[in-house]
Amino acid sequence: MLDPSDVSAQVALVMAELAKAPAGAANPSARWANRGTSMTDVSEQLITILPYLRRYARALVGDQKIGDTYVRICLETLLQEPHRVQAGPEARVQIFALFHEVFTRTGVRDAASDSLTPGELKDLTVESRLKALPPTERQALLLTTLEGFSVEQTAEILKVPEPTAAAIDAGL
């Protein structure tokens, strides 16, 4: 299991390595600079957001190690596609949206939510009940209650229409 400070240190090291791209290689730092955002600005925001992203990932999948794997893939995607996140007030939403894309690209499906009856749900732990929710409902619940996103932000992260996110939130 990774300590949040270790993950933050790893992000800082990766960003530093990118800044030292070898001659002749595509310079990732230039990709950031061309956007009018420095890697330092995004890195600083990412380091403050990362513990919350890790918490969300763990709650979503039920395991810190697996959650950290998704976070790592999200960070690798960000390094390859720096245009996906802009420094500023919307960076948190953009990073969570990128994480959501990484998570859904894996084709994660939960059979558990299809097979439980209401009677079976009452005997489950909170974690088991959460896992029994369909994935989109679980994501919406965690984004609004655990991470404090608004319904509008949740809709943007999950890439669903706002009325759909509001209906999911109201149904929970």
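Heads up: the structure comes first, above all this text.
Residues numbered from 1 in each chain as written. Predicted model: local features only at pLDDT ≥ 70, side-chain atom pairs only at ≥ 80, totals over all residues. Heavy atoms only, no water.

Visitor: Which parts of the structure should I look at to understand helix 10 (residues 151–158)?
Guide: Structurally, the α-helix is built with 3.6 residues per turn, so residues lying three or four positions apart point the same way. Looking only at helix 10, the buried set comprises Thr-154, Ala-155, Ile-157 and Leu-158. The arc that holds the buried residues of helix 10, viewed along the axis, is 165 degrees, so those residues lie on one side. Directly after helix 10, the chain includes Lys-159, whose backbone phi takes a positive value near 55 degrees. (Buried < 20%, exposed > 50% of the residue type's maximum accessible area, 1.4 Å probe, protein only. Helix = DSSP H or I, 4+ residues; strand = E, 2+ residues; numbered from the N terminus. Arc of directions from axis to C-beta.)

Visitor: Teacher, can you tell me more about the pattern of salt bridges here?
Guide: Oppositely charged side chains are able to pair whenever their charged atoms sit close together. Counting across every chain of the model gives 7 salt bridges. Between Glu-101 and Lys-159 there is a salt bridge whose closest N-O contact spans 3.3 Å. One end of the pair, Glu-101, is in helix 5 (residues 91–105); the other, Lys-159, is in the loop between helix 10 and helix 11 (162–171), with 58 residues separating them in the sequence. The class of Lys-159 is exposed, set by a relative accessible area of 52%. Linked through salt bridges whose partners overlap, the residues forming this network are Glu-81, Arg-84, Glu-101 and Lys-159. (Salt bridge = Lys/Arg side-chain N within 4 Å of Asp/Glu carboxyl O.)

Everything listed here is a matter of geometry and, on its own, says nothing about what the molecule does.
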